[in-house]
Amino acid sequence: MQRTWALVWLVSAAACQPAMVRTVAEPVYVIAAEEPAAASGNQDSSAAMVDGTDGDPELADVRQEDSAESAVAASSTPAWDLEVEPYVSHERVTYYVRRYTTEARDRVASWLQRGRRYEPFIRSTFRAYGIPEDMYYLGLVESGYDPHAYSRAAAVGMWQFMTSTAKGMGLRVDWWVDERRDPVRSTEAAARFLAALRDQFGSLYLAAAAYNGGPGRIARTLDAHADLLSGTGGEDLFFALAETNSLRSETANYVPQLIAAALIGKEPERYGIRLEPAEPFAYDSVLVPAATAVAAVARAAGVELDAVRDLNPHLLRGITPPGQDSWVRVPVGSAGAAAEALTALPDSLRAGYRTRKLTRATTLATVARETGLTVKQLGWYNPGVKTRLTAGTVLRIPTRQALLAALDVPDPAIERYGPAQRGLHVVRSGETLSHIARRYGTTVNALMRLNRLRNSRIYAGQTIRVR
């Protein structure tokens, strides 16, 4: 039986987001040919940005180059909604300005260029959540605006969320869909997360430090140095805390990197960086049946597969998730054609896989040979399947068009934490502060004081100090 799965309803970016086909101004991601490792999920594309000790001299021993210092000093004052001016001459800030405009210049320029297509959407999203728009430059420090960035700690996406934190922020992360890679949804989650951290610490720069190093660690460090920091407030508090040398170097350098990136990003030509104009990202959406191949949607829309694939980086296996209809993004103006063509498309050409029930015991390798696939490809569509298969096992056999858009990515559930520490509790989904207080024989007020919480709101993945 055929159904009509798509309705056309175009609205502006400023309008509400209806569950219909829509056009929204947002950035697009195009895999850069010069950075295949980052796109494949095998390297941390932001590592060079956040590690202040990766082979560089100690900050105190770095002799600043005259050209970089002159560029900062001569810079006119742009409009800011971050507190930047007081820290322009800070040692760590000038260090990163020099670094980003010398040895890392080409890389930073390419990331700034990539971010231009995302910038209008990110700024409008941050504004909607009450976050200063210039926090946009946090995306450069985190990932170079790469939706497919994958860190050594298994943080993923433009905003580098761990799985537990992402789920706590309302993102879908499972075998089929990883919204950490979705520029739209992940930016909204980053805005919510930053707003919660700012509420907790009363400082945007401390919120940024907590975004990087974890709110529990920042709260404990503030408590440990409460006497020394007495009388220090506002954004100065982060820099005073960093001077105690009690933060990890990555976290201590994080805000200086943000400020340096913002200084350069605001006035790139002053630092010898020329950026080209970029078309703002816009898309329509089409509601399609479960397990529809992304390639089939592209064919129905009459557009190149890359265009649809790049608009939907969160669809990991080249298909919409099984078991439910899903919205798929298509280039602006192609939704109507896609809806009509998909309605007429038979399941044999639309579906991303067929099922096969085994009549005898066999192995996954044998099925792979019989179907002309690899064991890995079969594994993409049969999570948890064993290498030895019993009679009656039902396997999903992907179609060639599904494989065209499939990503070779790790299990999104993987998390890599450091060694567990006594006295700490990692918040699980559904837990409240009162539940945690009862578990450890304490009170909500005591936990709020211990963790410098302004209210009882917590989120999955947050580390809470319990004693």
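Note that the coordinates shown come from a computational prediction; the quantities given were computed from them, not determined experimentally.

(A) Looking closely at the packing of aromatic side chains. According to the stated counting rule, one finds 14 aromatic pairs in the structure shown. A ring pair is formed by tryptophan 176 and tyrosine 381, whose centres lie 6.4 Å apart and whose planes are at 50 degrees; its orientation type is tilted. Here tryptophan 176, found in the loop between α8 (163-168) and α9 (183-201), pairs with tyrosine 381, found in helix α21 (residues 375-381); they are 205 residues apart in sequence, far enough to count as distant. Like tyrosine 381, tryptophan 176 is buried. Between phenylalanine 281 and tyrosine 283 the ring centres are 6.0 Å apart and the planes differ by 45 degrees, which places this aromatic pair in the tilted class. Phenylalanine 281 gets classed as buried once you look at its relative accessible area, which sits at 5%. An aromatic cluster is built from Tyr87, Tyr205, Phe238 and Phe239, whose rings are joined through pairwise contacts. Cation over ring: arginine 317 sits above tryptophan 175, and NZ or CZ is 4.2 Å from the ring centre. The side chain of arginine 329 reaches across the aromatic face of tyrosine 283, ending 4.7 Å from its centre.

(B) Structural view of the confidence of the model for the protein chain. Confidence in the prediction of the protein chain, expressed as mean pLDDT, is 83, and 81% of residues score 70 or more. Confidence drops under a pLDDT of 50 for residues 1-75, and excluding neighbours within four residues, the segment shows 167 contacts in the predicted structure.

(C) A look at the pairing of strand β2 (residues 282-288). In terms of residue burial, β2 counts as a mostly covered element, since five of its seven residues are buried. Here five bridges tie β2 to strand β3 (residues 326-330), and the two strands are oriented antiparallel to one another. Residue pairing across strands places valine 286 opposite valine 328, the latter belonging to β3.

(D) Molecular detail of the environment of alanine 341. By the secondary structure assignment, alanine 341 is in helix α18 (residues 335-344). The partly exposed category is assigned to alanine 341, whose relative accessible area is 29%. Measuring from C-alpha to C-alpha, the distance between alanine 341 and alanine 296 comes to 9.7 Å, with 45 residues separating the pair along the chain.

(E) Molecular detail of the nonpolar core. Counting residues in hydrophobic clusters, the biggest one holds 78 residues, and the most contacted among them are Met135, Phe161 and Tyr205. Membership of the second largest hydrophobic core comes to 39 residues, among which are Ala291, Ala298, Ile319 and Leu358.

(F) Up close: α9. Between its first and last C-alpha atoms α9 spans 27 Å; for 19 residues at 1.5 Å apiece the expected length is 27 Å, and the two agree. Taking the backbone nitrogen of valine 184 as reference, a side-chain oxygen 2.9 Å away marks aspartate 182 as the first, capping residue of α9. Looking one or two places after α9, you find glycine 202, whose phi comes out positive at around 70 degrees.

(G) Summary view of empty space enclosed by the protein. Per the counting criterion, the structure on display carries three cavities of 30 Å³ or more. Estimated volume of the largest cavity: approximately 90 Å³. Lining the largest cavity are Ala196, Leu197, Asp199, Gln200, Leu453, Arg454, Asn455, Arg457, Tyr459 and Gln462. Of the residues in the lining of the largest cavity, the class split is four nonpolar, three polar and three charged. Within this model, the second largest cavity holds a volume of roughly 60 Å³. A class-by-class count of the residues in the lining of the second largest cavity yields eight nonpolar, one polar and four charged.

Parameters and conventions
Residues numbered from 1 in each chain as written. Predicted model: local features only at pLDDT ≥ 70, side-chain atom pairs only at ≥ 80, totals over all residues. Heavy atoms only, no water. Phe/Tyr/Trp six-rings, centres within 6.5 Å; stacked < 30°, edge-to-face > 60°. Helix = DSSP H or I, 4+ residues; strand = E, 2+ residues; numbered from the N terminus. Buried < 20%, exposed > 50% of the residue type's maximum accessible area, 1.4 Å probe, protein only. Lys NZ or Arg CZ within 6 Å of the ring centre and 35° of its normal. pLDDT = per-residue confidence, 0-100. Contact = heavy atoms within 4.5 Å. Pairing = 2+ DSSP bridges. Core = buried A, V, L, I, M, F, W, Y, C linked by side-chain atoms within 4.5 Å. Expected span 1.5 Å × (residues − 1). Polar contact = N/O pair within 3.5 Å; in protein donor to acceptor, adjacent residues only side chain to side chain. 1 Å grid on protein atoms, 1.4 Å probe; cavity = no way out; pocket = protein on both sides within 12 Å on 5 of 7 lines; lining within 4 Å. Points joined across faces, edges and corners; volume = space filled by probe spheres on them. Nonpolar A, V, L, I, M, F, W, Y, C, P; charged D, E, K, R; others polar.

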